[in-house]
Amino acid sequence: MSKLKVIIAGAGLGGLCLAQILRRADVEVEIFESDSGPWDRPQGYRLHIDRDGVNALREVLPANLYRLFEATAMRPLPFTTIVDTTLKELRRIPSGGHDRTPRHWLADGGPEHINVNRATLRHILLTGLQDFCRFGARMLRYETDAEGVTAVFADGSTARGDILVGADGIRSAVRRQRLPEARIMDTGVRAIYGRIPIEKARHHLPEHVLADVFTVASDDRRLPRAGAGDFSDPSGRRF
Ligand SMILES: Cc1cc2nc3c(=O)[nH]c(=O)nc-3n(C[C@H](O)[C@H](O)[C@H](O)COP(=O)(O)OP(=O)(O)OC[C@H]3O[C@@H](n4cnc5c(N)ncnc54)[C@H](O)[C@@H]3O)c2cc1C
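To start, this report covers the structure provided alongside it. (Residues numbered from 1 in each chain as written. Predicted model: local features only at pLDDT ≥ 70, side-chain atom pairs only at ≥ 80, totals over all residues. Heavy atoms only, no water.)

Things to note about the overall build of the protein chain
Argument step 1. Counting its regular elements, the protein chain contains seven helices and 12 strands.
Argument step 2. Within the protein chain, buried positions represent 38% of all 239 residues.
Argument step 3. Of the contacts formed within the protein chain by residues at least 6 apart in sequence, a portion of 61% connects residues at least 24 apart.
Argument step 4. Here the protein chain has roughly 14,100 Å² of accessible surface; of this, 55% comes from carbon and sulfur atoms. (Helix = DSSP H or I, 4+ residues; strand = E, 2+ residues; numbered from the N terminus. Buried < 20%, exposed > 50% of the residue type's maximum accessible area, 1.4 Å probe, protein only. Contact = heavy atoms within 4.5 Å. Areas by Shrake-Rupley, 256 points an atom, 1.4 Å probe, with all protein chains shown as cover.)

Quick look at the side chain of E33
Argument step 1. With respect to the helices, strands and loops of the structure, E33 is situated in strand β2 (residues 28–33).
Argument step 2. Within the structure, E33 has its side chain in polar contact with the backbone nitrogen of A11 (distance 2.7 Å).
Argument step 3. Beyond its immediate stretch of four places on either side in the chain, E33 contacts G10, A11, G12, R122, R134, F135, G136 and A137. (Polar contact = N/O pair within 3.5 Å; in protein donor to acceptor, adjacent residues only side chain to side chain.)

Some details on the sheet that holds strand β10 (residues 158–161)
Hydrogen bonds between backbone atoms are what pair the strands of a sheet, whose relative direction is either parallel or antiparallel.
Argument step 1. Taken together, the three strands give an open sheet; going across it, the order is β8-β9-β10, and neighbouring strands pair in antiparallel fashion. Edge strands, defined here as strands with exactly one partner in the open sheet, are β8 (139–145) and β10. Between one strand axis and the next, the sheet turns by 20° as a mean value, whatever way the strands run. (Pairing = 2+ DSSP bridges. Axes fitted to C-alpha atoms, helices over the stretch in contact; angles between N-to-C directions.)

Focus on the nonpolar core
Argument step 1. Among the nonpolar cores identified, the biggest contains 26 residues, and I31, I49, L61, F69, V116 and L121 are the most heavily contacted of them.
Argument step 2. Among the elements that take part in this core, helix α4 (residues 118–126) stands out by supplying four residues, more than any other.
Argument step 3. Taken domain by domain, this core gets at least three of its residues from each of domain 1 (5–45 + 123–178) and domain 2 (51–116 + 194–217).
Argument step 4. When neighbours within four sequence positions are excluded, I31 is seen to be in contact with I8, G10, A11, L16, A19, L129, F132, C133 and R134.
Argument step 5. Membership of the second largest hydrophobic core comes to 12 residues, among which are I7, Y142, V149 and F153. (Core = buried A, V, L, I, M, F, W, Y, C linked by side-chain atoms within 4.5 Å. Domains from an automatic or database assignment.)

Comments concerning the site of the ligand
Argument step 1. As a matter of local geometry, the ligand sits amid 23 residues, with G14, E33, H48, R118 and M139 nearest to it.
Argument step 2. Here G14 contributes a backbone N or O atom positioned 2.7 Å from an oxygen atom of the ligand.
Argument step 3. Backbone polar atom of H48 to a nitrogen atom of the ligand: 2.8 Å apart, as the coordinates give it.
Argument step 4. Broken down by class, the residue content of the shell around the ligand amounts to eight nonpolar, eight polar and seven charged. (Near = heavy atom within 4 Å. Nonpolar A, V, L, I, M, F, W, Y, C, P; charged D, E, K, R; others polar.)

Looking at the pairing of β2
Within a regular strand, the side chains alternate between the two sheet faces.
Argument step 1. Bridge count for strand β1 (residues 5–9) against β2 is five bridges, and the pairing is parallel. When the sheet's bridge partners are listed, V6 is paired in β2 with V29.
Argument step 2. Once you follow β1 into helix α1 (residues 13–24) and on to β2, the crossover reads as right-handed.
Argument step 3. The pairing of β2 with strand β7 (residues 133–135) spans three bridges and is classified as parallel. From the neighbouring strand, E33 faces β7, where its bridge partner is F135. (Right-handed = clockwise from strand over helix to strand, strands pointing away.)

The following block contains the structure:
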């Protein structure tokens, strides 16, 4: 019997996670990503991963890659701090586990919160999959028949598999075809992210605020204006 082959549209965090676990289960997998390379587009810089996410990565990743994930992550303090527009601290809210108790570590020794650089995590997830991941492959549509599915790409090429997974993000071409009635709703909310050198941040904010899971600056309308974060490695080394 021939092996099941899964084709995945999108080498973002979801598509790569799935590919990692499928490879470990000895399922044939091929990933198609519209970016021309893994560093083609800065996909944001900071990601908070909660207990469920950490546990999922522990299950999905081979042990050496999971260790790398932990080693490249920050263990934030388990709080979210609200500051005003002059950066004066207003409130510090525990952002602990599901019971909201602030803590760093789970009973099994795993981390409760982790902040990572999104591009670093993507790179870790891509490790070992390079030979199965085609960049510069924007999927346009798919066709199904009794034997499986054919994905059609913008350059005219095609790929064949038993199953197609749409992990191609918010503007998914797979979803557009499979579930045309599922629409994206614009909530009207806009976020502007930026980065400043850590020395400047330390000058303006108390040290503990910089190490929190999230720090949000808000004006009287209580609109979040900014986030802060990733400034130490698991050994406590600051950078
Ligand atoms: C500002 C911001 C902050 C966030 N912060 C957090 C956080 O702190 N913690 C958290 O857990 N989540 C956070 N999220 C949510 C998180 O980013 C998403 O849930 C996650 O990225 C979804 O992963 P994905 O793989 O489904 O999609 P994506 O990461 O969007 O990946 C989709 C991939 O598909 C590719 N693609 C798109 N179209 C095609 C096509 N037609 N053919 C081939 N490839 C295609 C894209 O180039 C991309 O690489 C945040 C989101 C935003 C916008």
